[in-house]
Amino acid sequence: MSWKEEARISCRFSFKCPRRWERLQPTAEEGVRHCHECDRDVHLALTEDEFRRHSDEGRCIAVPVRGERGESQPEEPGYVVGRVETPYRSE
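First, a word on scope: everything that follows refers to the structure included in this document. Predicted model only: the values in this text are computed from it and were never measured.

**Regarding the side chain of His-43**
Argument step 1. Relative to the elements of secondary structure, His-43 occurs in strand β4 (residues 40–44).
Argument step 2. Exposure remark for His-43: the relative accessible area of 8% places this residue in the buried category.
Argument step 3. Excluding residues that lie within four positions of it along the chain, His-43 makes contacts with Gly-31, Val-32, His-54, Arg-59, Cys-60, Ile-61 and Ala-62.

Structure follows, in structure tokens:
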């Protein structure tokens, strides 16, 4: 299921990074950027499956930000970057 298919993930971040996904250093792996401040890779999670896989493995992730009414904002995409506090739950 993709985020655009009304996937609702309720989670808390144990750490929210002040860095922006767009400004992290690209890596050779698509969908992975590197944060030099904490020296960790950040994995882009655009689907619920990617979110769960990266979260289960304790990776830092970037997830799309939803607008106030729940829609994504394609004209100016934004992401929350951080590490998820488990357990998370689908709604």
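**A closer look at helix α1 (residues 48–56)**
Argument step 1. Along α1, the residues that are buried comprise Glu-48, Phe-51, His-54 and Ser-55. Angularly, the buried residues of α1 cover 140° about the axis, an arc narrow enough to put them on a single face. Across from the buried face of α1, at angles greater than 90 degrees, the exposed residues are Asp-49 and Asp-56.
Argument step 2. Downstream of α1 by a residue or two, Gly-58 has a phi angle that is positive, lying close to 75°.

**A closer look at the nonpolar core**
Argument step 1. Grouped together as the largest cluster of nonpolar side chains are nine residues: Cys-17, Trp-21, Leu-24, Cys-35, Val-42, Leu-44, Cys-60, Ala-62 and Val-81.
Argument step 2. Contributing elements (two or more residues each) for this core: β4 and β5 (60–64).
Argument step 3. With residues up to four places along the chain from it excluded, the contact list for Trp-21 reads Gly-31, Val-32, Arg-33, Val-42, Leu-44, Ala-62, Tyr-79 and Val-81.
Argument step 4. Membership of the second largest hydrophobic core comes to six residues, among which are Phe-13, Ala-45, Val-63 and Val-84.

**A closer look at the pairing of β5**
Argument step 1. The buried count for β5 comes to four of five residues, which makes it a mostly enclosed element.
Argument step 2. Bridge count for β4 against β5 is three bridges, and the pairing is parallel. Pairing of His-43 across the sheet is with Ile-61, part of β5.
Argument step 3. Handedness of the β4-α1-β5 crossover: right-handed.

Reading the values: rules and limits
Note that residues are indexed from 1 along each chain, following the sequence as it is written. Reporting in this predicted model follows two pLDDT cut-offs: at least 70 for local features of residues, and 80 or more for side-chain atom pairs to be given and counted; totals over whole chains, interfaces and linings ignore these cut-offs and use all residues. Side-chain measures here rest on the full set of heavy atoms in the structure, leaving out hydrogens and waters. Labels follow the DSSP assignment, with helices taken as runs of H or I lasting at least four residues and strands as runs of E lasting at least two, numbered in each case from the N terminus. Think of it in three bands: with a 1.4 Å probe and only protein chains considered, a residue is buried below 20% of the maximum accessible area for its type, exposed above 50%, and partly exposed in between. Any two residues having at least one pair of non-hydrogen atoms within 4.5 Å are treated as being in contact. Starting at the helix axis, one direction is taken to each C-beta atom, and the arc is that of these directions. Here, nonpolar core means buried Ala, Val, Leu, Ile, Met, Phe, Trp, Tyr and Cys residues that are tied together by side-chain atoms lying within 4.5 Å of each other. Here a strand pair is declared whenever DSSP counts at least two bridges between the two strands. Note on handedness: a crossover is taken as right-handed if, strands pointing away from the viewer, the path from the first strand over the helix to the second is clockwise.

Distances and angles like these do not, on their own, reveal function.
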